[in-house]
Amino acid sequence: MWAYTVGFTVLPHVGGFLGWFLNRKEIPAWYEKLKKPSWCPSRRVFPVAWTVLYTGMGYASYLVWNDLGGCSSKAIVPLGLYGAQLVLNWAWPPLFFGARNLNMALVDILCLDGLAVGTLCSWYRINRVAALLLLPYLGWLAMATCLTIRIWRDNPEHKPGKSD
């Protein structure tokens, strides 16, 4: 059973790592030049935060999967919501950093917020610990959404997509 625990816990890291790896050159080349609010976290905070958040959400997904008896019909909605929000989570870096498309990145993160809240609500009825493990993620998403909105608003020249 430990292999499932590890697999579910590691899964979110895969997309997060790929998003970072594919877009890592865009951070100093483009992101640093954007106007950002004074409360924007340091670049060094992001990998630490995402490691903790991905680990928590991955383990939480294992708890839900385990409590529902694996891939049963009861797991379709709660794990489907989780999977959908994870895909949008993984899509944000390529949209923001890779395509430099602030409009699409903003749409992505707003949809992600809704799916993440839906995931937490559906998990709460199944496993409260799993739902509570998502709370730091939702807090970070709130900050990331506000940051995306501010960058979108304060950098109108970058909205249509790649301009550099």
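This report concerns the structure included in the present document. As the structure is a prediction and not an experimental result, all values here were calculated from the model.

1. Thoughts on helix α5 (residues 102-124)
Then, in step 1: Taking 1.5 Å per residue, 23 residues should reach 33 Å; α5 reaches 33 Å between its end C-alpha atoms and fits that length.
Then, in step 2: Within α5, burial applies to Leu 102, Ala 105, Leu 106, Asp 108, Ile 109, Leu 112, Asp 113, Ala 116, Thr 119, Leu 120, Ser 122 and Trp 123.
Then, in step 3: The N-terminus of α5 is capped by Asn 101, whose side-chain oxygen sits 3.2 Å from the backbone nitrogen of Asn 103.

2. Focus on the side chain of Asp 113
Then, in step 1: If you trace the backbone, Asp 113 turns up in helix α5.
Then, in step 2: For Asp 113, which is buried and forms no salt bridge, the nearest opposite charge comes from Arg 150, at a distance of 15 Å.

3. Points about the packing of aromatic side chains
Then, in step 1: For the structure on display, the rule yields 16 aromatic pairs.
Then, in step 2: Site record: aromatic cluster; members linked through ring pairs are Tyr 4, Phe 8, Tyr 59, Tyr 62 and Trp 65.
Then, in step 3: Above the face of the Tyr 31 ring, Lys 36 is positioned so that its terminal group lies 4.4 Å from the ring centre.

4. Quick look at helix α1 (residues 2-23)
Since one α-helical turn is 3.6 residues long, residues separated by three or four positions face the same way.
Then, in step 1: Taking 1.5 Å of rise per residue, the 22 residues of α1 would be expected to cover 32 Å, and the 32 Å separating its terminal C-alpha atoms lies within 8% of that figure.
Then, in step 2: At Val 10, α1 shows its largest kink, close to 30 degrees, and the proline Pro 12 lies no more than four residues downstream.
Then, in step 3: The complete set of buried residues in α1 reads Phe 8, Thr 9, Pro 12, Gly 15, Gly 19 and Asn 23.

5. Observations concerning the nonpolar core
Then, in step 1: In this structure, Tyr 31, Phe 96, Trp 123 and Tyr 137 are the most contacted members of the largest nonpolar core, which totals 43 residues.
Then, in step 2: Elements with a contribution of two residues or more to this core: α3 (45-67), α4 (76-98), α5, α6 (128-133) and α7 (135-154).
Then, in step 3: A total of ten residues in this core trace back to one element, the largest contributor, which is α3.
Then, in step 4: Excluding residues within four positions of it along the chain, Tyr 137 makes contact with Trp 50, Leu 53, Met 57, Gln 85, Asn 89, Leu 112 and Ala 116.

6. Re the pattern of salt bridges
Then, in step 1: On inspection of all chains with the given rule, the structure shows three salt bridges.
Then, in step 2: Between Arg 43 and Glu 32 there is a salt bridge whose closest N-O contact spans 3.3 Å. In this pair, Arg 43 is assigned in the loop between α2 (26-29) and α3 and Glu 32 in the loop between α2 and α3, connecting sequence segments eleven residues apart.
Then, in step 3: Note that Arg 150 is salt-bridged to Asp 154, the shortest N-O span being 3.2 Å. You can see Arg 150 and its partner Asp 154 sitting in helix α7, four residues apart, about one turn around the helix.
Then, in step 4: In this structure Arg 150 comes out as partly exposed when scored by relative accessible area, which is 27%.
Then, in step 5: Several salt bridges share partner residues, and in doing so they unite Arg 150, Arg 153 and Asp 154 into one network.

7. Observations regarding the side chain of Thr 9
Then, in step 1: Here Thr 9 shows up in helix α1.
Then, in step 2: In this structure Thr 9 comes out as buried when scored by relative accessible area, which is 15%.
Then, in step 3: Engagement of the side chain of Thr 9 in a polar contact is seen with the backbone oxygen of Thr 5, the distance being 2.7 Å.
Then, in step 4: Thr 9 has contacts with Tyr 54, Thr 55, Gly 58 and Tyr 59, leaving out every residue within four places of it along the chain.

8. Let's talk about the packing of α5 against α7
Then, in step 1: For the pair α5 and α7, the least separation of the axes is 10 Å and the interaxial angle reads 160 degrees. By the angle between their directions, the pair α5 and α7 is classed as roughly antiparallel. The hand of the α5/α7 crossing is left-handed. Residue-level inspection shows Leu 102, Asn 103, Ala 105, Leu 106, Ile 109, Leu 110, Leu 112, Asp 113, Ala 116, Val 117 and Leu 120 of α5 in contact with α7, the latter providing Leu 135, Tyr 137, Leu 138, Leu 141, Ala 144, Thr 145, Thr 148, Ile 149, Ile 151 and Trp 152.

About the criteria used
Sequence order as written defines residue numbering, which begins from 1 separately in each chain. This being a predicted model, a pLDDT of at least 70 is required before a residue's local features are given, and a value of 80 or more before pairs of side-chain atoms are given or counted; all residues contribute to the totals for chains, interfaces and linings. The basis for every side-chain value is the complete set of heavy atoms in the structure, and neither hydrogens nor water enter the calculation. Secondary structure elements are taken from DSSP: a helix is a run of H or I of four residues or more, a strand is a run of E of two residues or more, and numbering for both begins at the N terminus. Expected span of a helix: the number of residues minus one, times 1.5 Å. Relative accessibility under 20% of the residue-type maximum defines a buried residue, over 50% an exposed one, and the middle range a partly exposed one, all with a 1.4 Å probe and only protein chains included. By the criterion applied in these results, polar contacts are pairs of N or O atoms within 3.5 Å in which, for protein atoms, one can donate a hydrogen and the other can accept it, and in which residues neighboring in sequence qualify only through two side-chain atoms. Only four residue types enter the tally: Lys and Arg on the positive side, Asp and Glu on the negative side, with His and both chain ends excluded. Counted as salt bridges are all cases of a side-chain nitrogen of Lys or Arg within 4 Å of a carboxyl oxygen of Asp or Glu. Only centres within 6.5 Å qualify two rings of Phe, Tyr or Trp (six-membered ring in Trp) as a pair; their planes then separate them into stacked at under 30 degrees, edge-to-face at over 60, and tilted for everything else. Here, a charge over a ring is recorded when the distance from Lys NZ or Arg CZ to the ring centre is within 6 Å and its angle to the ring normal is within 35 degrees. At any given residue, the bend is defined as the angle formed between two axes, one fitted to the seven residues that end at that position and one fitted to the seven that begin there. Take the buried residues of types Ala, Val, Leu, Ile, Met, Phe, Trp, Tyr and Cys, join any two whose side-chain atoms come within 4.5 Å, and each joined set is a nonpolar core. For this analysis, residues touch if any pair of their heavy atoms sits within 4.5 Å. Every axis corresponds to a line fitted to the C-alpha atoms, with the helix fit spanning only the stretch in contact, and the corresponding angles, defined between N-to-C directions, vary from 0 to 180 degrees. Oblique is the label for any angle not under 35 degrees, not over 145, and not in the 65 to 115 range, which are roughly parallel, roughly antiparallel and roughly perpendicular in turn. The crossing is said to be left-handed when, going from far helix to near helix, the turn is anticlockwise and less than a right angle, and right-handed when the turn is clockwise.

Limitation: the analysis is restricted to geometry and does not speak to function.
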